[in-house]
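Read off the chains here:
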Amino acid sequence: MPRLSAKSATLLVLAALVVVSPLFFPSGYYYRVGALIFVNGLAVTGIVILTGYAGQISLGHAGFAGIGGYACALAPVHLGLPPALAAVLGVLISGALAYLVGRPILRLKGYYLAVATLGFGILVSMVLNNERQLTGGPDGIIVPDLGLRGLLKDWGLNISNGEFWYFFCGIALLIGAWIALNLRQSPTGRALRALHGSEIAAQTVGIDVARLKLQAFVISAVYASVAGSLLALQNKFITPDVAGFMHSIEMVTMAVLGGAGSVLGAILGAGVLTLLPQVLTVFAEFEQLVLGLVMMLMMIFLREGLLPSLLRKLRGRDE
Amino acid sequence: MTLLSIEGLGIAFGGIKAVHDVSLKVDPGEIVSIIGPNGAGKTTLFNMISGIYQPDSGCVLLEGEDVTGMAPFRLASRGMSRTFQNLQIFQNMTVLENAIAGFHLQERGAVLADLLHLPSSRRRARAAEAGARALLARVGLERAADREAGSLSYGSLKRLEIARALALRPKVLLLDEPAAGCNAVETEEIDQLIAEVAASGVAILLVEHDMKLVMRISSHVVVLDQGEKIAEGAPAEVSRDPAVIAAYLGSEEAAHADG
Ligand SMILES: Nc1ncnc2c1ncn2[C@@H]1O[C@H](COP(=O)(O)OP(=O)(O)O)[C@@H](O)[C@H]1O
Ligand SMILES: [Mg+2]
């Protein structure tokens, strides 16, 4: 049998997870958890492109999720756009903003870049908190219904709200993963990984390092924006927390914990970190403490991230 | 018109002149070697020519055009390519991918096509891969193609860098100690390869410590000492020059001349 490419294997595993998991759901509530994992997985896939491929860090990507989310809340009311088009508008704004912000700050490296992106995230979050007239401030704002489930019902497909968002986000994640995997093996993806390896060598083979970093930044901002829109649309409500500092940190943590260089690994990281707090509720007031401890232990013992470390161990045993 | 011409190039770090008023020329098919003791400024000179350092004075002319201080990636698209004394390998990639990266200017295209895996993107990638495999065969690394670059020996990495540099189909190629750390057989192979590349019409600027190699393949030798050019000429002339013997051969004779 011919060996599966890493890309096909990843997509197959993801598709199988999306389809098979519901068989084991003890209650309808788990569709919600599943959908949340997929949305986080999508945002984190964008981080894989920026951090895993191109080696650049952002501690402000929740800002783009905020823009995607609030676009879905505001554009239907103020511009009369249907929510789906509002999400597209969010993508355009996020992409344009990433381009404008990325140009000056992607010249910075390492923790300088981290602090600059952090500043961007805080800025977006502050605007969302303070422009009460428009955004509703810290209390959040209602998001109109996407309307797709109603359409499906008219066509004779009647599924619950939870099921609808579970599969809708699952499909979005599959498409996002497919695109990220396409990129990885493409000329552009190779150039991104090359500049990650050595910027000097990348330059001498003709790679326009500044331009490629910017492309990675814009693409990953689009992922975050779509994730923010999906979150807002399924909750039918959004607060500035979606753009908050903690959310940015969460994205990076999920990617690094799962394995930032690998799409499947990062999505696994999103799954683990979304599920852990649910599981750890048995520890009651020690929940946060245990969560922190688990994260530290994972980084100490699975340094390259959950999936890459486990794969390496398995392979080591084969040989 | 000279292909690459350097006029009065100089740079100082913290007041110390690392390179001072160095001029030289290279024409297609020529191998011009730069020799001199450690710290003479050879690598610094390469870094100025290839746009990594901005020179304080002087200029670099490529095909008659002033390209002084131009960004390295722009120089690459104008036909300049180089290797590094301290390896600059993409350690996070396979050997094959390192070689393919050298084809960046030929394989790049619309990002959207890459994101969606469109036929145009696949075609570009396939062509680059075929080219890269041919180059790996040329430097004897075809069997290591799928290994992690980081797992290769030093000598193999040197050859991988040469393959990557050749992938650009350069008009001028800068090689910074390509044979350092290579055994006699590998050195012989690199020697042959350099001669072949020059014979195909590429202008080569070579920094190399192996004097036998330098004397055998150079068309012209430039000697640097403490940042200044102290002699130049045909290999035989230079090796007889008393100033050169004093500054360079004298101190390293034992290491290189009789090896
Ligand atoms: N970036 C730099 N900063 C400070 N000093 C430098 C730098 N690059 C080179 N030098 C100095 O320039 C001199 C020449 O170094 P180099 O060009 O590496 O010599 P060579 O390649 O001939 O052995 C050395 O004294 C070195 O310390
Ligand atoms: Mg040197």
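Throughout, residues of each chain are indexed from 1 in the direction in which the sequence is written. The order in which chains are written sets their letters, starting at A; the order in which ligands are written sets their numbers, starting at 1. Under the rules for a predicted model, residues below a pLDDT of 70 receive no local features and side-chain atom pairs below 80 are neither given nor counted, while totals for whole chains, interfaces and linings still include all residues. Water and hydrogen atoms play no part in the side-chain values, which are based on all heavy atoms of the structure.

In the annotation of an unreviewed UniProt entry, chain B is listed under the name ABC transporter ATP-binding protein and assigned to Chelativorans intermedius.

Under an unreviewed UniProt entry, the name given to chain A is Branched-chain amino acid ABC transporter permease, and the source organism is Chelativorans intermedius.

**Student:** Help me get a handle on the sheet that holds strand S7 (residues 172-176) of chain B, residues and values and all.
**Tutor:** Residues and elements named next belong to chain B. Here six strands make up an open sheet; going across it, the order is S6-S7-S8-S3-S9-S10 and the pairing mixed. A single partner strand is all that each edge strand has here, and the edge strands are strand S6 (80-82) and strand S10 (228-233). Adjacent strand axes in the sheet meet at a mean angle of 20°, parallel and antiparallel pairs treated alike. Two strands form a pair only when DSSP identifies at least two bridges running between them. Put simply, DSSP marks the helices as runs of H or I at least four residues long and the strands as runs of E at least two long, and each gets a number from the N terminus on. By the bridge criterion, five bridges tie strand S9 (residues 220-225) to S10 in an arrangement that is antiparallel. Following the sheet pairing, Asp-225 is matched in S10 by Glu-228. The contact criterion used is simple: two residues touch if any of their non-hydrogen atoms lie within 4.5 Å. A fitted line through C-alpha atoms serves as each axis, taken over the contacting stretch for helices, and the angle formed by two N-to-C directions is quoted from 0 to 180°. Its contacts with the sheet place helix H8 (residues 184-199) against strand S3 (31-35), S7 and strand S8 (203-207), and it is angled at close to 150° to S8.

**Student:** Help me get a handle on the site of ligand 1, residues and values and all.
**Tutor:** All names here are of chain B. If you check the shell around ligand 1, you find Phe-13, Ala-18, Pro-37, Asn-38, Gly-39, Ala-40, Gly-41, Lys-42, Thr-43, Thr-44 and Tyr-53 and nothing else. Within the backbone of Gly-41, one N or O atom sits 2.9 Å away from an oxygen atom of ligand 1. Here a polar contact is recorded for every N or O atom pair within 3.5 Å, except that within protein the pair must consist of a potential hydrogen donor and a potential acceptor, and residues adjacent in sequence are included only if both atoms are side-chain atoms. Residue Thr-44 places a side-chain N or O atom 2.5 Å away from an oxygen atom belonging to ligand 1. Computed with a 1.4 Å probe, the accessible areas rest on the Shrake-Rupley method; for each residue, only the protein chains presented here act as cover. A total of 560 Å² of accessible area belongs to ligand 1 in isolation, and the protein chains cover 60% of it. Top contributing element to the shell around ligand 1 by residue count: helix H1 (residues 42-49), with three residues. For this scheme, ten residues count as nonpolar: Ala, Val, Leu, Ile, Met, Phe, Trp, Tyr, Cys and Pro. Four count as charged, namely Asp, Glu, Lys and Arg, and the remainder, Gly too, count as polar. Partitioned by chemical class, the residues of the shell around ligand 1 number five nonpolar, five polar and one charged. We call a residue near a molecule or strand when any one of its heavy atoms sits within 4 Å of it.

**Student:** An account of the coordination of the magnesium ion (ligand 2) is requested, with residue identities and associated values reported.
**Tutor:** Residues and elements named next belong to chain B. For the magnesium ion (ligand 2), the full set of protein donor atoms is Thr-43 (OG1) and Gln-85 (OE1), and the range of their distances to it is 2.0 Å. Taken as a pair, Thr-43 in helix H1 and Gln-85 in the loop between S6 and helix H3 (95-101) lie far apart in primary sequence, 42 residues in all. Relative accessibility thresholds used throughout: buried, under 20% of the residue-type maximum; exposed, over 50%; partly exposed, between the two (1.4 Å probe, protein chains only). Taking the relative accessible area as the measure of exposure, Thr-43 reaches 25% and is therefore partly exposed. Distances define the donors: N, O and S atoms within 2.8 Å of the metal qualify, as do those within 3.2 Å of Na, K or Ca. Water is excluded, so some sites may look unfinished.

**Student:** Please set out a nonpolar patch on the surface residue by residue, giving values where relevant.
**Tutor:** Candidate patch residues must exceed 30% relative accessible area and have no salt bridge, after which like charges are joined if within 9 Å and Val, Leu, Ile, Met, Phe, Trp or Tyr side chains if within 5 Å. For this analysis, a salt bridge means a side-chain nitrogen from Lys or Arg found within 4 Å of a carboxyl oxygen belonging to Asp or Glu. Where nonpolar side chains cluster on the molecular surface, the patch consists of Ile-171, Ile-175 and Trp-178 of chain A together with Leu-112, Leu-116 and Leu-118 of chain B and spans about 530 Å² of accessible area. Here the nonpolar patch takes three residues from helix H8 (residues 161-184) of chain A, the largest share from any one element. Relative to the elements of secondary structure, Leu-118 of chain B occurs in the loop between helix H5 (111-115) and helix H6 (119-138).

**Student:** So what's going on with the sheet that holds strand S4 (residues 57-62) of chain B? Residues and values would help.
**Tutor:** Residue and element names in this part refer to chain B. Reading across the sheet, the four strands line up as S2-S1-S4-S5 and stay open at both edges, with antiparallel pairing between neighbours. Only two strands of the sheet have a single partner each, and these edge strands are strand S2 (16-26) and strand S5 (65-66). The pairing of strand S1 (residues 4-13) with S2 spans seven bridges and is classified as antiparallel. In the strand pairing of S2, Leu-4 is matched with Val-26. Relative to S1, H1 is tilted by about 115°, and along the sheet it contacts S1, S2 and S4.

**Student:** Quick one: what's the story with the packing of aromatic side chains, residue by residue and with numbers?
**Tutor:** Only centres within 6.5 Å qualify two rings of Phe, Tyr or Trp (six-membered ring in Trp) as a pair; their planes then separate them into stacked at under 30 degrees, edge-to-face at over 60, and tilted for everything else. In this structure the tally under the stated criterion is 14 aromatic pairs over all chains. Plain terms: the ring middles of Phe-64 of chain A and Phe-217 of chain A are 5.9 Å apart, the flat faces sit at 80° to each other, and that makes the pair edge-to-face. In this pair, Phe-64 of chain A sits in helix H3 (residues 62-78) while Phe-217 of chain A sits in helix H11 (residues 209-235), placing the two residues 153 residues apart along the sequence. Like Phe-64 of chain A, the residue Phe-217 of chain A is buried in the burial classification. Here the aromatic rings of Phe-13 of chain B and Tyr-53 of chain B are separated by 5.4 Å at their centres, their planes lie at 75°, and the arrangement is edge-to-face. On the criterion of sequence distance, the pair formed by Phe-13 of chain B in strand S1 and Tyr-53 of chain B in the loop between H1 and S4 is long-range, its members being 40 residues apart. The class of Tyr-53 of chain B is partly exposed, set by a relative accessible area of 30%. Grouped by ring-pair contacts, the aromatic residues Phe-25, Tyr-29, Tyr-30, Tyr-31, Phe-38, Tyr-166 and Phe-167 of chain A constitute a single cluster. Note on geometry: a ring has a charge over it if NZ (lysine) or CZ (arginine) is within 6 Å of the ring centre and within 35 degrees of the ring normal. The aromatic ring of Phe-90 of chain B is capped on one face by Arg-164 of chain B, whose charged end is 4.8 Å from the ring centroid.

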